[in-house]
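Take a look at the letters that make up each chain.
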Amino acid sequence: MKKILKYLKPYWFLALLAPIFMGVEVFFELLQPKLMEKIVDNGVLSTTLNLSEKIDVVLNTGLIMLLCVAIAGIGGILSAAFASTAANSFGNDVRKAVFSRVVDLSFEQKDKFTTGSLITRITNDVTQVQNFIMMSIRMFVRTILLFVGGIVMMYITSPKFAMVLGVILPIQVLIIIYFLRKALPIFKQVQNKIDTVNSIVQENVNGVRVVKAYTREDYESKKFARANEDLSLTTLKVQKILAIVNPLMTIFLYIIVVAIIYLGAQQIHIDLPEILNNTGNPMTVGKVMAGLTYIFQILMSVIMLAMIVQSVTRAKVSIDRLNAVLDSNPTIMDCDEYSRPSQIGTVEYQNVNFNYPNLIGKPVISNFNLKIEKGESLAILGSTGSGKSSLVNLIPRFYDATSGAVLVNGVNVKEYRLQELREKIGIVLQQAELFSGTIKENLLWGDENASEEELVHYAKIAQADDFIRSFTDGYDTVISEKGASLSGGQKQRISIARALLKKPEILIFDDATSALDLATEANLYQALRANLQDTTLIIIAQRVASAKNADKIAIIDNGTLVACDTHDVLFKTCAIYQDIYNSQLRRGEEDEQ
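Everything in this summary refers to the structure shown in the same document. (Residues numbered from 1 in each chain as written. Predicted model: local features only at pLDDT ≥ 70, side-chain atom pairs only at ≥ 80, totals over all residues. Heavy atoms only, no water.)

**Observations concerning the overall build of the chain**
What counts is decided by this rule: Here a strand is any run of E in DSSP of at least two residues, a helix any run of H or I of at least four, and the numbering for each starts at the N terminus. Here the globule rule reads 2.2 Å times residues to the power 0.38, and the radius of gyration is calculated from C-alpha atoms. Only protein chains enter the area calculation, which uses a 1.4 Å probe; residues under 20% of their type maximum are buried, those over 50% are exposed, and those in between are partly exposed. Contacts are assigned to residue pairs that have any heavy atoms within 4.5 Å of one another. Note that accessible areas follow from Shrake-Rupley with a 1.4 Å probe, and for residues the cover is restricted to the protein chains shown. Charge counting follows a simple rule: Lys and Arg are positive, Asp and Glu are negative, and His as well as the terminal groups are ignored. Where a charge lies is defined by one atom per residue type, namely NZ (Lys), CZ (Arg), CG (Asp) and CD (Glu).
A tally of regular secondary structure across the chain gives 21 helices and twelve strands. A globule of 593 residues ought to have a C-alpha radius of gyration of about 25 Å, yet the chain, at 37 Å, is considerably larger. Along the first, second and third principal axes, the C-alpha set of the chain runs to 125 × 50 × 50 Å. Looking at the chain as a whole, 47% of its 593 residues are labelled buried. When contacts within the chain are restricted to residue pairs at least 6 apart in sequence, long-range pairs at least 24 apart make up 77% of them. Surface accessibility of the chain: about 30200 Å² in total, with carbon and sulfur atoms responsible for 58%. Side-chain charges of the chain comprise 58 positive and 59 negative groups, with the mean position of each set lying 7 Å from the other.

**Considering the pattern of salt bridges**
Oppositely charged side chains are able to pair whenever their charged atoms sit close together. How we decide: The term salt bridge refers to a side-chain nitrogen of Lys or Arg lying within 4 Å of a carboxyl oxygen of Asp or Glu.
Applying the stated criterion across every chain yields a total of 17 salt bridges. One salt bridge in this structure joins Glu-373 and Lys-371, with 3.9 Å as the shortest N-O distance. In this structure Glu-373 comes out as partly exposed when scored by relative accessible area, which is 37%. A salt bridge links Glu-505 to Lys-424, with the nearest nitrogen and oxygen atoms 3.7 Å apart.

**What about the nonpolar core?**
Cut-off, in case you're wondering: Take the buried Ala, Val, Leu, Ile, Met, Phe, Trp, Tyr and Cys residues and link them wherever side-chain atoms come within 4.5 Å; each set so joined is a nonpolar core.
Of all hydrophobic cores here, the largest spans 48 residues; its most connected members are Leu-381, Leu-443, Leu-500, Phe-509, Leu-528, Ile-553 and Tyr-577. Counting residues per element, this core draws most heavily on helix α17 (residues 488–501), which supplies six residues. With sequence-adjacent residues up to four places away left out, Tyr-577 is seen in contact with Leu-381, Val-544, Lys-548, Ile-553, Ile-555, His-567, Leu-570 and Phe-571. Val-26, Val-164, Ile-186 and Leu-253 belong to the second largest nonpolar core, which has 44 residues in total.

**Some points on the state of the cysteines**
How we decide: For the purposes of this analysis, a disulfide is any pair of cysteine sulfur atoms at a distance within 2.5 Å.
On inspection of all chains with the given rule, the structure shows zero disulfides. This cysteine, Cys-564, is not joined by any disulfide, and Cys-574 carries the nearest cysteine sulfur, 10 Å off. Cys-564 sits in the partly exposed class, given a relative accessible area of 25%.

**Here's the deal with the environment of Glu-29**
You can see Glu-29 is positioned in helix α2 (residues 12–44). Considering only alpha carbons, one finds Glu-29 and Cys-68, 39 residues apart in sequence, at a separation of 7.4 Å.

**Details of the sheet that holds strand β1 (residues 347–354)**
What counts is decided by this rule: Strands were regarded as paired on the criterion that DSSP finds at least two bridges between them.
Spatially, the four strands line up as an open sheet ordered β2-β1-β4-β5, and their pairing is antiparallel. Of all the strands in the sheet, just β2 (365–372) and β5 (411–412) have a single pairing partner and so form its edges. Taken together, the two bridges between strand β4 (residues 403–408) and β5 define a ladder with antiparallel strand orientation. When the sheet's bridge partners are listed, Val-408 is paired in β5 with Val-411.

**Quick notes on the packing of aromatic side chains**
Which entries qualify depends on this criterion: To pair, rings of Phe, Tyr and Trp, with the six-membered ring standing in for Trp, must have centres within 6.5 Å; the planes then decide the type, stacked if under 30 degrees apart, edge-to-face if over 60, and tilted in the middle.
Going through the model one piece at a time under the given rule, you end up with twelve aromatic pairs. Ring geometry for Tyr-349 versus Phe-368: centroids 5.3 Å apart, planes at 80°, classification edge-to-face. With Tyr-349 in strand β1 and Phe-368 in strand β2, this pair connects stretches of sequence that are 19 residues apart. With relative accessibility at 3%, the residue Tyr-349 sits in the buried group. Under the relative-accessibility criterion, Phe-368 is labelled buried at 1%. By the ring-pair criterion, three or more aromatic residues cluster together here, those being Phe-354, Tyr-356 and Tyr-399.

**A few points about unusual backbone geometry**
Note: most residues except glycine have negative phi, and most peptide bonds are trans. Of note in this structure, Gln-463 is not a glycine but carries a positive phi near 60°. Note that Gln-463 resides in the loop between α15 (452–461) and α16 (465–470). With relative accessibility at 22%, the residue Gln-463 sits in the partly exposed group. Positive phi, normally seen in glycine, also occurs at Asn-558, with a value near 55°.

**A short note on helix α18 (residues 518–531)**
Applicable threshold: To estimate how far a helix should reach, multiply one less than its number of residues by 1.5 Å. What the arc measures is the spread of directions leading from the helix axis to the C-beta atoms. Each polar contact in these results corresponds to two N or O atoms within 3.5 Å; when the atoms are within protein, one needs to be able to donate a hydrogen and the other to accept it, and residues that are neighboring in sequence are counted only if both atoms are side-chain atoms.
Spanning 14 residues, α18 covers 20 Å between terminal C-alpha atoms, matching the ideal 20 Å at 1.5 Å per step. Every buried residue of α18 is accounted for by Thr-520, Glu-521, Leu-524, Tyr-525, Ala-527 and Leu-528. Along the long axis of α18, the arc covered by the buried residues comes to 160°, so they all point the same way. Among the exposed residues of α18, those pointing more than 90 degrees away from its buried face are Leu-518 and Ala-530. The inward-facing, buried residues of α18 abut α15, α17, β9 (506–510), β10 (536–540) and α19 (544–547). Between the side-chain oxygen of the N-cap and the backbone nitrogen of Ala-519 there are 3.1 Å, and the N-cap of α18 in question is Asp-517.

**Examining the sheet that holds strand β3 (residues 377–382)**
Cut-off, in case you're wondering: Helix axes are fitted only over the stretch in contact, all axes being lines through C-alpha atoms; the angle between N-to-C directions runs from 0 to 180 degrees.
Taking strand neighbours across the sheet as the criterion, the six strands line up as β6-β9-β10-β3-β11-β12 in an open arrangement whose pairing is mixed. Whereas interior strands pair on both sides, the edge strands pair on one side only; in this sheet they are β6 (425–429) and β12 (560–565). Taken pair by pair, the neighbouring strands of this sheet meet at an average axis angle of 15°, ignoring direction. Packing of α17 onto the sheet brings it into contact with β6 and β9, and relative to β6 it is tilted by some 175°. Contacts between α18 and the sheet are confined to β9 and β10, with β9 contributing the most and set at about 170° to the helix.

**Some details on the packing of helix α6 (residues 159–206) against helix α9 (residues 245–270)**
To keep things clear, this is the line we draw: Under this scheme an angle from 65 to 115 degrees is roughly perpendicular, one under 35 degrees roughly parallel, and one over 145 degrees roughly antiparallel; angles in between are oblique. Think of it as three bins: nonpolar holds Ala, Val, Leu, Ile, Met, Phe, Trp, Tyr, Cys and Pro, charged holds Asp, Glu, Lys and Arg, and polar takes everything else, Gly as well.
At a minimum axis distance of 10 Å, the contact between α6 and α9 shows a crossing angle of 170°. Here α6 lies roughly antiparallel to α9, going by the angle between them. Contacts between α6 and α9 pair Lys-160, Phe-161, Val-164, Leu-165, Ile-168, Ile-171, Gln-172, Ile-175, Ile-176 and Phe-179 from the former with Val-245, Leu-248, Met-249, Phe-252, Ile-256, Ala-259, Ile-260, Leu-263, Gly-264 and Gln-267 from the latter. Of the residues in the contact of α6 with α9, the class split is 16 nonpolar, three polar and one charged.

**Section: the side chain of Asp-510**
Looking at the element boundaries, Asp-510 is found in strand β9. At 7.3 Å, Lys-388 is the nearest oppositely charged side chain to Asp-510, a buried residue that forms no salt bridge. Apart from the residues within four sequence positions on either side, Asp-510 is in contact with Ser-389, Val-392, Val-428, Leu-429, Gln-430 and Ile-540.

What follows is the structure, encoded as structure tokens:
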């Protein structure tokens with residue numbers, strides 16, 4: 001709780017003003033029953049005043065009541081304004097803090113949370129905690145002041161009335177505690193069910209084309225319906241439990257009302273001589289009315305307290321979920337002492353072993369040794385699951401090697417600041433990730449200060465300029481989320497241009513040309529060789545045609561480096577490369593014949 005509440009600290013002044021003005025509102029509300037008692041006993045039912053004097057008492061006291069109402073209203077409005085501002089500002093800061101932590105998390109930690117769960121935490125869970133803060137600094141104060149103040153005023157009005165309340169009130173509190181303890185575990189289930197629903201929605205929105213291609217709309221609709229019904233039933237279950245509380249509170253309320261009216265009537269009958277003689281401190285109709293009003297205030301505060309505790313219960317679940325994210329410190333951190341590189345554009349693997357966290361079994365990469373020189377192009381070939389992508393993910397430290405060392409420019413990647421390291425590296429993934437906005441805005445991710453000439457220059461190298469200019473708005477063409485309005489090849493070429501704009505020392509293509517035809521791919525590599533001679537190029541490829549013109553080709557099998565040499569040498573000496581070549585190019589030649 002303390003970890004989350006620190007985000008309220010900048011707004012402590014607002015959070016302090018809200019309960020102060022709420023105290024003003026409650027104070028003047030608690031005066032109302034006593035003023036009403038005065039109107040009834042000293043005005044309407046007075047035996048010593050004439051009609052004109054009774055009217056004066058009623059009017060004067062009534063004006064005081066109206067003034068109290070006005071002051072209480074102003075206090076309530078100011079309290080609501082300050083509480084709302086503090087709670088919304090708090091929620092804004094928490095939401096930004098959680099999102100910032102999600103962005104900073106390493107891939108290892110992100111794998112622990114589903115996308116739907118993270119969305120729920122940043123939205124629904126933050127809202128739950130925000131509502132809790134709003135209710136705490138306003139309604140909780142109101143409830144406590146009404147509860148305590150009502151009991152004090154009740155005792156002042158009649159100690160007997162307070163005794164009745166003392167008998168019933170503990171029973172009510174025990175009932176509330178019982179039902180809320182039953183509800184707490186179910187609140188946790190509700191938040192988990194929301195995660196599931198969000199995950200299904202997110203999966204279907206992202207994979208809508210696959211769903212339609214396989215005509216799985218009905219299946220996915222039923223899958224969502226089951227998850228949604230599960231959420232609804234779980235929510236209904238907890239609401240049924242809590243729904244019992246209010247009727248029970250109402251029953252106890254009217255039991256106390258009947259008891260007070262009964263005791264009040266008896267005491268009035270006993271004190272009738274004192275009432276007629278206007279002596280002593282007898283029970284009066286006005287006191288009974290005041291006592292009933294205080295009872296309503298006290299019991300309503302108990303009901304409000306139950307609602308607040310319910311909010312606290314839900315908020316506790318949400319706080320625990322938010323803390324799970326906020327407490328996840330990135331496992332891949334900046335090095336305290338930054339080492340200056342002695343080389344430029346080199347990559348070296350020294351006895352590297354790697355396995356994904358929590359994955360038991362044979363390492364994904366085993367005893368890997370390889371050096372790539374500045375300006376050299378290296379193609380990596382291997383079967384699916386051989387560890388190609390895992391190998392290049394170690395360069396920008398998406399993951400850290402289990403043992404051994406990965407060196408960039410002669411320096412262990414763990415001795416770099418992450419920003420310094422990743423600024424040297426441009427990486428293009430097979431699954432091109434584009435963002436909603438214009439093509440130009442997506443390209444500027446590579447260099448936000450790039451000129452128009454640079455945009456066009458690198459787009460031409462990436463073979464993207466022609467199709468971009470074919471759009472009506474050219475580089476200002478708006479693309480939909482994830483580039484859904486573009487073809488796979490177009491998205492890949494924009495992603496390549498974006499990486500080139502970064503002007504990296506090391507450029508990594510992780511099967512980044514898989515959607516390009518052979519002619520476009522050949523033109524791309526020719527342009528790269530002509531314009532980026534000093535850039536080290538690492539190409540993960542599935543096709544020999546994409547790899548054979550590289551300076552060297554590394555053959556990987558089950559995470560182990562089998563061979564690394566030129567196309568001509570590997571074709572003569574490496575059986576695995578010969579098999580790949582024969583299965584692809586020879587077949588292609590036969591098909592052409």
